[in-house]
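Observations on the model geometry
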Amino acid sequence: MGSKKIAFTTVHSPDHHLEGHPENANRFKHFRHLEDLPTSAEILEITPQPADEGSILKIHPAQYLEALKQAAQMGPGFVDYGDTYVTPASYEAAFMAVGGVLEVLDAILDGRAVAGYALVRPPGHHTTHTKAMGFCLLNNIAVAARVAQAHGHSKILIIDFDVHHGNGTQKIFEEDPTVFYISTHQSGIFPGTGYLQETGIGEGKGTLANFPLPARAGDKALFSIFDRIITPLSYRYQPDFIMVSAGFDAHWTDPLASLQLTTYGYYQLAQILTTLANSLCEGRLLFVQEGGYDPNTLYDCVGSVLCALAGDSPPINDQGSPPYSETSIEHLLDQALSIHGI
Ligand SMILES: [Zn+2]
């Protein structure tokens with residue numbers, strides 16, 4: 001039997017901060033004491049280190065890194081037409097975020113932990129090879145996928161349940177059959193990508209799946225997609241490693257979007273993912289933080305996921321229930337089943 005421990009790290013990046021911006025250091029303000037998390041017995045605390053440049057170069061070209069470094073040095077400022085800021089500390093923060101993910105990955109790869117959670121910022125899933133956007137500077141999970149592959153885990157499944165489509169991760173892997181990217185997200189919001197009909201390009205055909213959800217979809221919608229489509233797709237693919245882009249901005253309390261997941265729903269989702277990883281790849285499961293902009297909800301949801309990973313019962317939370325009844329997604333499910341040949 002291998003380790004039952006859950007590797008966990010936090011990269012706060014306190015100086016990658018813009019007052020009043022939703023993605024600032026206040027997001028992690030409740031994570032000061034690891035021992036306060038609802039589960040602690042099985043947590044292996046990992047000290048983050050900056051990522052080595054060689055790992056990041058597996059995804060981002062040197063010219064991009066140089067441009068990002070210069071933009072940060074000249075900061076504070078913005079690196080896209082939207083709302084992606086940098087400060088003089090952002091380049092180092094971005095390397096530390098990737099590094100935190102890689103250290104947790106390493107603990108899984110060498111057997112110190114069976115699964116892991118990297119609570120890092122800035123987030124990553126909107127960044128393409130050469131373009132920062134959507135509050136993201138380096139694509140943390142994409143780098144982790146390449147590093148895991150370099151360690152012999154050739155097929156990586158990335159499941160992204162952030163409320164926004166991970167356009168960067170899709171772009172990076174859409175022609176690559178060795179990484180299957182699956183995203184659930186709210187349709188019609190930033191970044192406006194991630195269509196149901198997209199299933200990959202060229203050799204990557206069949207290793208991309210998008211589930212754009214209508215506003216007010218919630219736990220029931222997510223569970224039915226996992227049950228009827230994502231689980232069969234995962235079994236068909238037979239991954240060697242499952243990585244999760246974990247954004248909690250699909251929670252009903254989140255200020256940036258209008259899906260209605262609950263804290264308990266995320267707990268159940270983490271249970272489903274744990275079961276999948278146990279059945280398919282000896283439990284290898286890495287959660288990487290993406291969005292989630294209500295600090296209280298973020299804290300509760302991370303705690304819930306950790307409890308699920310450790311096999312503990314769910315923590316008590318008093319946030320109550322979503323305000324609206326759920327939108328039906330039967331039509332979407334029928335279309336998706338047909339598109340993916342299930
Ligand atoms: Zn998001």
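This section reports on the structure supplied with the text.

**Description of the overall build of the chain**
Check the secondary structure of the chain and you find 9 helices and 10 strands. Computed over C-alpha atoms, the radius of gyration of the chain comes to 18 Å, within 12% of the 20 Å expected from 2.2 N^0.38 for 342 residues, which places it in the range of a compact globule. Projected onto its principal axes, the C-alpha coordinates of the chain cover approximately 50 × 45 × 45 Å. Taken across its 342 residues, the chain has 52% of its residues classed as buried. Within the chain, counting contacts between residues at least 6 apart in sequence, those at least 24 apart form 76% of the total.

**Things to note about the pairing of strand β5 (residues 115–120)**
Along a regular strand, successive side chains alternate from one face of the sheet to the other. Counting buried residues along β5, 6 of its 6 residues qualify, which places the element largely inside the surrounding structure. Residues A115, Y117 and L119 line one face of β5 and the alternating positions G116, A118 and V120 line the opposite face, and both faces are buried. When strand β1 (residues 6–11) meets β5, the two strands line up parallel, connected through 6 bridges. The residue of β5 that forms the bridge with V11 is V120.

**Observations concerning the environment of A148**
By the element assignment, A148 lies in helix α4 (residues 140–150). A148 sits in the buried class, given 24 other C-beta atoms within 10 Å. Once the C-alpha coordinates of A148 and D106 are considered, the two residues, 42 residues apart in sequence, prove to be 8.6 Å apart. Not counting residues within four places of it along the chain, the set of residues in contact with A148 comprises L105, H153, I156 and F241.

**Things to note about helix α7 (residues 263–281)**
For α7, spanning 19 residues, the distance from its first C-alpha to its last is 26 Å, which sits close to the expected 27 Å at 1.5 Å a residue. Those residues of α7 lying buried are T263, G265, Y266, Y267, L269, A270, L273, T274, L276, A277 and L280. On its buried face, α7 sits against β5, β6 (156–160), α6 (219–237), β9 (241–246), β10 (285–289) and α8 (295–310).

**Quick word on the environment of R112**
Summarising the element assignment, R112 is placed in the loop between α3 (90–109) and β5. Sequence spacing of R112 and V98 is 14 residues, and the spatial spacing of their C-alpha atoms is 19 Å.

**A look at the nonpolar core**
Core analysis: the largest hydrophobic core is formed by 107 residues, its most contacted members being A144, M243, L286 and V305. A total of 14 residues in this core trace back to one element, the largest contributor, which is α3. Once residues within four sequence positions are removed from consideration, L286 is found in contact with V104, L105, I108, A115, G116, A144, M243 and V244.

**Some points on the sheet that holds strand β7 (residues 179–186)**
Consider a sheet: its strands pair through backbone hydrogen bonds, and that pairing is either parallel or antiparallel. Sheet architecture is open: 8 strands sit in the order β2-β1-β5-β10-β9-β6-β7-β8, paired in parallel fashion. Only two strands of the sheet have a single neighbouring strand rather than two, namely β2 (43–45) and β8 (208–213). Between one strand axis and the next, the sheet turns by 15 degrees as a mean value, whatever way the strands run. Pairing geometry for β6 and β9, over 5 bridges, is parallel. Bridge pairing in β9 links I159 to V244. Packing of α8 onto the sheet brings it into contact with β1, β2, β5, β9 and β10, and relative to β5 it is tilted by some 170 degrees.

**Overview of the pairing of β7**
Burial analysis of β7 places 8 of its 8 residues in the buried class, which makes it a mostly covered element. Here β7 shows a buried face lined by V179, Y181, S183 and H185 and a second buried face lined by F180, I182, T184 and Q186. Two elements, β6 and β7, share 5 bridges in a ladder whose sense is parallel. From the neighbouring strand, D160 faces β7, where its bridge partner is S183. Handedness of the crossover is the feature at issue here: the chain leaves β6, passes through helix α5 (residues 167–173), returns alongside β7, and the resulting connection is right-handed. Alignment of β7 against β8, held across 6 bridges, turns out to be parallel. Directly across from H185, in β8, lies its bridge partner P212.

**Description of unusual backbone geometry**
Note the cis peptide between G75 and P76, where omega equals 5 degrees. Position of P76 relative to the elements: it lies in the loop between α2 (62–73) and β3 (77–78). Here F190 and P191 are connected by a cis peptide whose omega angle stands at 0 degrees. One non-glycine residue, R216, lies in positive phi territory at about 75 degrees. Relative to the elements of secondary structure, R216 occurs in the loop between β8 and α6. One non-glycine residue, E282, adopts positive backbone phi at about 50 degrees. Relative to the assigned elements, E282 resides in the loop between α7 and β10. E282 gets classed as exposed once you count the C-beta atoms within 10 Å, which come to 12.

Rules used throughout
- Here, residues in each chain are numbered from 1, in the same order as that chain's written sequence.
- Per-residue local features of the predicted model are confined to residues with pLDDT of at least 70, and side-chain atom pairs are confined, for both listing and counting, to 80 or more; whole-chain, interface and lining totals are unaffected and use all residues.
- For helices the rule is a DSSP run of H or I covering at least 4 residues; for strands it is a run of E covering at least 2, with both sets numbered from the N terminus onward.
- It is over C-alpha atoms that the radius of gyration is taken, and the globule rule equals 2.2 Å times the number of residues to the power 0.38.
- Exposure criterion: with C-beta atoms placed from backbone coordinates, a residue whose C-beta has 20 or more other C-beta atoms within 10 Å is buried, one with 12 or fewer is exposed, and one in between is partly exposed.
- Here contacts are defined at the residue level, using C-beta atoms placed from the backbone and a cut-off of 7 Å between them.
- Pairing between strands is defined by DSSP: at least two bridges between them are needed.
- Under the convention used throughout, the expected extent of a helix is 1.5 Å for every residue step, that is, one less than its residue count.
- We define the nonpolar core as any set of buried residues of the types Ala, Val, Leu, Ile, Met, Phe, Trp, Tyr and Cys, connected via C-beta atoms lying within 7 Å of each other.
- Here an angle of 0 to 180 degrees is reported between the N-to-C directions of two axes, which are lines fitted to C-alpha atoms, with helices fitted over the stretch in contact.
- Crossovers are marked right-handed if the path from the first strand over the helix to the second runs clockwise, as seen with the strands pointing away from the viewer.

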